[in-house]
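# A look at the structure
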Amino acid sequence: MIIDIVSIFPEYLEPLSLSLVGKAQETGKLTVRVHDLRDWSAAPHHRVDDTPYGGGPGMVMDAPTWGRALDEIAQSCDSKPLLVIPTPSGKVFDQPTARSWVGNQSIVIACARYEGIDSRVSQHYQTRSDWAGVQEVSIGNYVLAGGEAAALVMVETVARLIPGVLGNPESAPDDTFSRADGLLEGSVYTKPPTWRDLEVPPVLLSGNHQAIDQWRAASAEEKTRNLRPDLLP
Ligand code: SAM
């Protein structure tokens, strides 16, 4: 899978060379290409924004610059790219959304700043048969200063789902939001068995795998009841 990310702050995406996503890139499971939007600006001082039609505060990122950038990036993709536009007004990004993206060989993430991107960009790429569609997505009901932090969240979530990326592929189906029972993952512990008078539940030290599975199921249910009762069946 190739993920292209376009931003006016390419340095913001540098953490994608670290940890799991960095490893996925080293092993060729994922390629992340970061582009500076200003490279496609035709304006003096590489400006990429202008005042909003109708007046009002803030600036809007202009459609011609985004159009040039996205068209050129699409030409370097082997398959039709999916255009992802992070925006607080989009559909909330979740585990099923991430799973649905794993089938795409090419994803382009357009990170905005200011008041966002001229709405005609999303409109235009929805009509383009050489693109695999446009998805406007939010990472939560709050407002960030730019789409870069959202892109970091989305790339890491998708990378974990690419076959062969996780060290232990058996751990993913137990994850919160991935379990067949829809519950949160239960509590987890490691050595030492006692820490500041707090004991690990003795059943986890018993070696009785049936009893451990039962305890884990009960722990998942209790945690879900306490923290996310909306997820209970
Ligand atoms: N005025 C815009 C609005 O109310 O929808 C907010 C613009 S915000 C300051 C600038 C950019 O940050 C957005 O265009 C988007 O790229 C990104 N952004 C902000 N919050 C986000 C969120 N919750 N999820 C995804 N992207 C977000």
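All values derive from a computational prediction rather than experimental measurement.

## Here's the deal with the site of the ligand
If you check the shell around the ligand, you find 18 residues, and the closest are Pro86, Glu115, Ile139, Tyr142 and Leu144. A distance of 2.9 Å separates an oxygen atom of the ligand from a polar atom in the backbone of Pro86. Interatomic distance of 3.3 Å between a backbone N/O atom of Gly146 and an oxygen atom of the ligand. Protein chains shield 81% of the accessible area of the ligand, which is 580 Å² for the free molecule. Assessed atom by atom at 2 Å from the grid points, the ligand resides in the largest pocket. Per element, the largest residue contribution to the shell around the ligand is 3 residues, and it comes from strand E5 (residues 82-92).

## A few points about the sheet that holds strand E7 (residues 134-138)
Spatially, E2-E1-E6-E5-E7 is the arrangement adopted by the 5 strands of the open sheet, whose pairing is parallel. Each having just a single partner strand, strand E2 (31-36) and E7 make up the two edges of the open sheet. Direction aside, the axes of adjacent strands within the sheet are offset by 30° on average. Note: strand E1 (residues 2-7) against strand E6 (residues 106-110), 5 bridges, orientation parallel. For Asp4, the partnering residue across the bridge sits in E6 and is Val108.

Parameters at a glance
- Residues numbered from 1 in each chain as written.
- Predicted model: local features only at pLDDT ≥ 70, side-chain atom pairs only at ≥ 80, totals over all residues.
- Heavy atoms only, no water.
- Near = heavy atom within 4 Å.
- Polar contact = N/O pair within 3.5 Å; in protein donor to acceptor, adjacent residues only side chain to side chain.
- Areas by Shrake-Rupley, 256 points an atom, 1.4 Å probe, with all protein chains shown as cover.
- 1 Å grid on protein atoms, 1.4 Å probe; cavity = no way out; pocket = protein on both sides within 12 Å on 5 of 7 lines; lining within 4 Å.
- Sits in = over half its atoms within 2 Å of the grid points.
- Helix = DSSP H or I, 4+ residues; strand = E, 2+ residues; numbered from the N terminus.
- Pairing = 2+ DSSP bridges.
- Axes fitted to C-alpha atoms, helices over the stretch in contact; angles between N-to-C directions.

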